[in-house]
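Coordinates in review
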Amino acid sequence: MTDTPWNLDSKDFDHDAPELGVFLDQDNIPDGLPREAVVVKISGEINLYSAQIMKERFFHLLDRGFIYLLVNMENVKYIDSSGLGVFMATHSRLVKSGKGGIAVFSPSSQVNKILELTKLKSLIRVGSTSKEAWKLLAP
């Protein structure tokens, strides 16, 4: 078991359900990532029912002191407006605090298309890799 920054243990954080998985992503930590940053991997479908789980996990991270969230979305098959709302709520909370940010990386083609159609790419930073996403957020 590897401890992550701020003693966040994946056993206490990870959520694995048939419709949505939310996990700490130890495999995509870019060089130079500070202690107040975390990489999360989402899999499955983000819809009205599962978006609340994702919001709880994201806000749990913010409550623990993380101010930079990098979100791996390569295994997300679908996202609806409630899922997009979670990203906007997280973004808004970070903006109100005056520090930090959220970035998505490796979005599936379906997620990328929705981000483009809704014009949310102008608010949510999107990179092709975790390294690129971190460059978009780094102070």
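Just above, that's the structure.
Being a predicted model, the structure only gives us computed values, none of them experimental.

The rules behind these values
Starting afresh in each chain, residues are numbered from 1 along the sequence in its written order. Only residues with pLDDT of at least 70 get local features here, since the model is predicted, and only at 80 or more are side-chain atom pairs given and counted; chain-wide, interface and lining totals rely on the full set of residues. Working from all heavy atoms in the structure, the side-chain values ignore hydrogens and water. The aromatic pairing rule takes the rings of Phe, Tyr and Trp, using the six-membered ring of Trp, and pairs them if the centres are within 6.5 Å, calling planes under 30 degrees apart stacked, those over 60 edge-to-face and the rest tilted. Comment: elements are numbered from the N terminus, with helices defined as DSSP H or I runs of at least four residues and strands as E runs of at least two. When a residue's accessible area, from a 1.4 Å probe over protein chains only, is under 20% of the maximum for its type it is buried; when over 50% it is exposed; and in between it is partly exposed. As a reminder, the over-ring test applies to NZ of lysine and CZ of arginine, requiring each to be within 6 Å of the ring centre and within 35 degrees of the ring normal. Joining through side-chain atoms within 4.5 Å is the link that ties buried Ala, Val, Leu, Ile, Met, Phe, Trp, Tyr and Cys residues into a set, and such a set is a nonpolar core. Note on contacts: a residue pair is in contact if any heavy atoms of the two residues lie within 4.5 Å.

What follows deals with the packing of aromatic side chains. When we look at a pair of aromatic rings, we describe it by the centre distance and by the angle of the planes. This model, assessed by the stated rule, comprises two aromatic pairs. Ring centres of phenylalanine 58 and phenylalanine 87 lie 5.6 Å apart, and the angle between their planes is 70°; on these two criteria the pair is classed as edge-to-face. With phenylalanine 58 in helix H2 (residues 51-63) and phenylalanine 87 in helix H3 (residues 81-97), the pair connects residues that are 29 residues apart, well separated along the chain. Among the residues examined, phenylalanine 87 registers a relative accessible area of 1% and is labelled buried. Directly above the ring of phenylalanine 59 sits arginine 93, whose terminal nitrogen or CZ lies 4.7 Å from the centroid.

What follows deals with the nonpolar core. One broad rule of soluble globular proteins: the nonpolar side chains tend to lie buried together. Counting 41 residues, the largest nonpolar core has Ile42, Ile46, Phe58, Met73 and Phe87 as its most contacted members. Those elements giving two or more residues to this core turn out to be strand E2 (20-24), strand E3 (37-46), H2, strand E4 (68-79), H3, strand E5 (101-105), helix H4 (109-117) and helix H5 (130-137). Non-local contacts of isoleucine 42, meaning those with residues more than four positions away in its chain, are made with Leu20, Gly21, Val22, Met54, Phe58, Val71, Asn72, Met73, Asn75 and Val76.

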